[in-house]
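# Geometric and topological summary
The chain contents come next:
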Amino acid sequence: APRATLMIMYIYYESGSYVECLEYANKFKKLYPVDKNIQYIEYIVGSVFYEQITVPARDNRYAFEALKQFNKILKLYPNSKYAEDVKLKIDLIYEQLAGKEMYIARYYMKKSNWIPAIKRLNSIIDNYGSTIYVNEALHRLVEIYYKLGNFNEAKKYAAILGYNFNDSDWYKKTYKIIKDK
């Protein structure tokens, strides 16, 4: 019976019937909480949410659910055979979430709404510091603070960018702004 439930769950997962897959995963966890395949079940649940993540401009509900589930796996089963894949997927989810923040920050910048843009850019730096969007966030903060006339803040963010990413294209753009001013 446990194997049959597991196989049905997997068939639903492979066919993209995620609601049914989650139903069988929950059924399995309820009926067989100490089964040797429980790590796999938890991994599939996270993967169901992960597979439904779309482009950064859209709703990130599935990204947050996948992140929650994958962090649960790392906490409960840090040495499982799924741990490396889970870590990779978490990194990709962070990229996705940082991309959403950058998308919104650019929108605010285009509308000259500086305060919300600054908040989004700082969110990238504070929450997604290991993503590819940090360079751009630092550069955009330099741009905004120069436009606002707050040269000390602009120089502070330029220095952070220069110290951490002095060979990036964003630093070259930032250096040009500072040099010209």
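Residues numbered from 1 in each chain as written. Predicted model: local features only at pLDDT ≥ 70, side-chain atom pairs only at ≥ 80, totals over all residues. Heavy atoms only, no water.

## A word on the overall build of the chain
A count of helical and extended segments in the chain gives nine helices and zero strands. Listing the helices and strands of the chain from first to last along the sequence gives α-α-α-α-α-α-α-α-α. Radius of gyration (C-alpha) of the chain: 21 Å, far over the 16 Å computed for a compact globule of 181 residues. For the chain, the C-alpha atoms occupy an extent of roughly 70 × 35 × 20 Å along the three principal directions. Per-residue burial for the chain yields a buried fraction of 43% across its 181 residues. Within the chain, contacts between residues separated by at least 24 positions form 54% of all contacts whose residues are at least 6 apart in sequence. Carbon and sulfur atoms provide 52% of the accessible area of the chain, an area that totals close to 10700 Å². (Helix = DSSP H or I, 4+ residues; strand = E, 2+ residues; numbered from the N terminus. Rg over C-alpha atoms; globule rule 2.2 N^0.38 Å. Buried < 20%, exposed > 50% of the residue type's maximum accessible area, 1.4 Å probe, protein only. Contact = heavy atoms within 4.5 Å. Areas by Shrake-Rupley, 256 points an atom, 1.4 Å probe, with all protein chains shown as cover.)

## Structural notes on the packing of aromatic side chains
For the coordinates displayed, the defined rule picks out 11 aromatic pairs. Aromatic side chains Y43 and Y82 sit 4.7 Å apart centroid to centroid with 20° between the ring planes, which places their arrangement in the stacked category. Taken together, the residues Y43 in helix α3 (residues 38-51) and Y82 in the loop between α4 (61-76) and α5 (83-110) connect sequence positions 39 residues apart. Summarising the burial analysis for this pair, Y43 and Y82 share the class buried. (Phe/Tyr/Trp six-rings, centres within 6.5 Å; stacked < 30°, edge-to-face > 60°.)

## Some points on the side chain of Q96
Mapped onto the fold, Q96 is located in helix α5. According to the relative accessible area criterion, Q96 is buried, its value standing at 14%. There is a polar contact of 2.3 Å between the side chain of Q96 and the backbone oxygen of T54. (Polar contact = N/O pair within 3.5 Å; in protein donor to acceptor, adjacent residues only side chain to side chain.)

## What about α5?
Between its terminal C-alpha atoms α5 stretches 41 Å, which fits the 40 Å expected from 28 residues at 1.5 Å a residue. Within two residues after α5, S112 carries a phi angle of roughly 60°, on the positive side. (Expected span 1.5 Å × (residues − 1).)

## Structural notes on the environment of D59
Position of D59 among the secondary structure elements: in the loop between α3 and α4. When the C-alpha atoms of D59 and K100 are compared, they prove to be 9.0 Å apart, with 41 residues separating the residues in sequence. When near neighbours in sequence (up to four residues on either side) are disregarded, D59 contacts T54 and K100.

## Brief notes about the nonpolar core
Formed by 52 residues in total, the largest nonpolar core has its most connected members in M9, F70 and L121. Residue contacts for F70: discarding those within four places in its chain leaves Y43, G46, S47, Y50, V86, K89, I90 and I93. (Core = buried A, V, L, I, M, F, W, Y, C linked by side-chain atoms within 4.5 Å.)

## What about the confidence of the model for the chain?
With 98% of its residues at a pLDDT of at least 70, the chain reaches an overall mean of 93. Predicted confidence in the chain is weakest over helix α9 (residues 169-180), with a mean pLDDT of 83, and strongest over helix α6 (residues 114-127), with 97. (pLDDT = per-residue confidence, 0-100.)

## Regarding the packing of α5 against helix α7 (residues 133-148)
At a minimum axis distance of 10 Å, the contact between α5 and α7 shows a crossing angle of 20°. The angle between the axes of α5 and α7 places the two elements in the roughly parallel class. The handedness of the crossing between α5 and α7 comes out as left-handed. Note on element contacts: α7 touches α5 through Y133, E136, A137, R140, E143 and I144, opposite E95, A98, G99, M102, R106 and M109. Of the residues assigned to the contact of α5 with α7, the class counts are six nonpolar, one polar and five charged. (Axes fitted to C-alpha atoms, helices over the stretch in contact; angles between N-to-C directions. Parallel < 35°, antiparallel > 145°, perpendicular 65-115°, else oblique. Left-handed = near helix turned anticlockwise from the far one by under 90°. Nonpolar A, V, L, I, M, F, W, Y, C, P; charged D, E, K, R; others polar.)

## Things to note about unusual backbone geometry
The phi torsion at S112 lies on the positive side, around 60°, for a residue other than glycine. Mapped onto the elements of the fold, S112 is located in the loop between α5 and α6. Looking at S112, the relative accessible area reads 43%, which means it is partly exposed.

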